[in-house]
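# Structural description and commentary
Residues per chain are reported as follows:
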Amino acid sequence: MRIDYRIEHPVALSASFEVEGFTVLLGASGEGKTLLLRAIAGLLPAHGEPFDGMPPQQRAVGYLPQGHALFPHLNAWQNVAFALRGARRRDEAIEWLERVGLAELAERRPAQLSGGQQQRVALARALARRPQLLLLDEPTSALDPATRDDVLAELIAEVHAAGIPALAVSHDPALAAVADRLVLMHDRRIVQTGTPAQVHAQPASGAVARLLGLRNVFRGRIAGAEGAQHLLWPEAGVSLPVHTTLADGSNVDWHIAPEAVVLHGAGTTLADAIAVSVELRQTGAQGRQLGLRCGQARLWAALPSDDAAAALRVSLPPAAIRCWAA
């Protein structure tokens, strides 16, 4: 489904992109992502396709606002039945709750459900409308990290099973990682689209790299002519050899993957090695990494072993540094 919308108030925003399967619109807070969802749902004055000019009640959308917006005085099946008509409202609501694995909790009110369970009730209510498009506003915001992945997996499985295209807006890179299609918004415009693999392999800018949650994205400036260029890194107070076609004097965003940072012992004599100190060691989803203090900057490096010294030097291979015009 093609989304093509323009909003003038309360902020100016335009967005045009395709929704395929479970599509995530990733952008920082304040970009207007929620406004876009509200515009598509007909809750905000705007022009665009689909549904242009139709009142909200006639738009074939299922909308899950942030916080789920369940009626606190109604139990789970009554919340789902709110989207239904006819004599079989209760039976149909129970059937939808069964699809999301909550039929046994049909009589419980929202306050008696966990955040993930409330989300599934809200999803069942949205799907019960049999929409042409499902809209989700920050679906991971109420989930703790321990349950987020499982709830996301269930949510996406239900979306795929229903065969309804879904647009989720978020600033959470964890959600972007499980999307079928990824749309990046910066400065209230679409700056890149593609599969998560495509976007991660070739971020279009430093802003995109930051939205993706990549570590080691910094500001700098190119000095020297092509073939003999250096990257001036003000935060660290150093100059790095670099391979780029950007002109002398260009302000840049640049990135190096933690795995590409080369660690040396404190006594190394390499001319381009930079003195650093270890601030912290981290073991988690991104593997084992060191947080290194480099001037006023923190540089992340993958940790190959447990015997890294407290004081190190590092080198940043020029071929591993990616630069974008800032």
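What counts as what
Residues numbered from 1 in each chain as written. Predicted model: local features only at pLDDT ≥ 70, side-chain atom pairs only at ≥ 80, totals over all residues. Heavy atoms only, no water. Phe/Tyr/Trp six-rings, centres within 6.5 Å; stacked < 30°, edge-to-face > 60°. Helix = DSSP H or I, 4+ residues; strand = E, 2+ residues; numbered from the N terminus. Buried < 20%, exposed > 50% of the residue type's maximum accessible area, 1.4 Å probe, protein only. pLDDT = per-residue confidence, 0-100. Core = buried A, V, L, I, M, F, W, Y, C linked by side-chain atoms within 4.5 Å. Contact = heavy atoms within 4.5 Å. Salt bridge = Lys/Arg side-chain N within 4 Å of Asp/Glu carboxyl O. Expected span 1.5 Å × (residues − 1). 1 Å grid on protein atoms, 1.4 Å probe; cavity = no way out; pocket = protein on both sides within 12 Å on 5 of 7 lines; lining within 4 Å. Points joined across faces, edges and corners; volume = space filled by probe spheres on them. Nonpolar A, V, L, I, M, F, W, Y, C, P; charged D, E, K, R; others polar. Pairing = 2+ DSSP bridges. Axes fitted to C-alpha atoms, helices over the stretch in contact; angles between N-to-C directions.

This part covers the packing of aromatic side chains. Going through the model one piece at a time under the given rule, you end up with four aromatic pairs. Centroid distance Phe 218 to Trp 233: 4.8 Å. Interplanar angle 50°. Geometry classified as tilted. Within this pair, whereas Phe 218 is found in strand β10 (residues 217-223), its partner Trp 233 is found in strand β11 (residues 230-233), the two being separated by 15 residues in sequence. A residue is classified by how much of its surface remains accessible, and Trp 233, at 1% relative accessible area, is buried. Look at Trp 233 and Trp 254: their rings are 5.0 Å apart centre to centre, the planes differ by 90°, and that puts the pair in the edge-to-face class. Remark: Trp 254 occurs in strand β13 (residues 251-255) and Trp 233 occurs in strand β11; sequence separation between them is 21 residues.

We now examine the confidence of the model for the chain. Confidence in the prediction for the chain averages 89 pLDDT; 96% of positions are at 70 or higher. The least confident element of the chain, judged by mean pLDDT, is helix α5 (residues 145-162) at 79; the most confident is β13 at 98.

Core analysis: the largest hydrophobic core is formed by 44 residues, its most contacted members being Phe 22, Leu 97 and Leu 134. In terms of residues, this core owes the most to one element, helix α4 (residues 115-128), which gives seven residues. Once you skip the residues sitting within four places of it in the chain, Leu 134 turns out to touch Gly 62, Leu 64, Leu 123, Ala 126, Leu 127, Val 159, Ile 164, Pro 165, Ala 166 and Leu 167.

A word on the pattern of salt bridges. Within the structure shown, the criterion is met by nine salt bridges. We note a salt bridge from Glu 20 to Arg 181, for which the minimum N-O separation is 4.0 Å. Residue Glu 20 is located in the loop between β2 (13-18) and β3 (22-26), and its partner Arg 181 is located in strand β8 (residues 181-186); the two are separated by 161 residues in the primary sequence. Note on Glu 20: relative accessible area 41%, which makes it partly exposed. Asp 253 is the partner of Arg 210 in a salt bridge, and the nearest nitrogen-oxygen pair spans 3.1 Å. With Arg 210 in helix α8 (residues 206-211) and Asp 253 in strand β13, the pair connects residues that are 43 residues apart, well separated along the chain. Its relative accessible area of 36% is what places Arg 210 among the partly exposed residues. The exposure class of Asp 253 is buried, given its relative accessible area of 6%.

Before going further, it helps to examine α4. Here α4 spans 20 Å end to end across 14 residues, near enough to the 20 Å set by a 1.5 Å rise per residue. The buried fraction of α4 is high, at 13 of 14 residues.

Taken as a whole, the largest pocket holds about 410 Å³ of empty space. For the largest pocket, the lining is made up of 17 residues, of which Val 61, Tyr 63, Phe 82, Arg 125 and Arg 129 are closest to its centre. At the level of elements, β5 (61-64) and α4 are the ones that each hand at least two residues to the lining of the largest pocket. Class assignment of the residues belonging to the lining of the largest pocket gives a composition of 12 nonpolar, two polar and three charged.

Let's shift gears to the sheet that holds β10. Adjacent strands of a sheet form backbone hydrogen bonds with each other and so pair up, either parallel or antiparallel. A sheet is described by the order of its strands in space; here five strands give the open sequence β12-β11-β10-β13-β19, paired in antiparallel fashion. The open sheet has two edge strands, β12 (238-241) and β19 (322-325), and neither has a second partner. Sheet twist, expressed as the average angle between the axes of neighbouring strands with direction ignored, equals 40°. Here four bridges tie β13 to β19, and the two strands are oriented antiparallel to one another.

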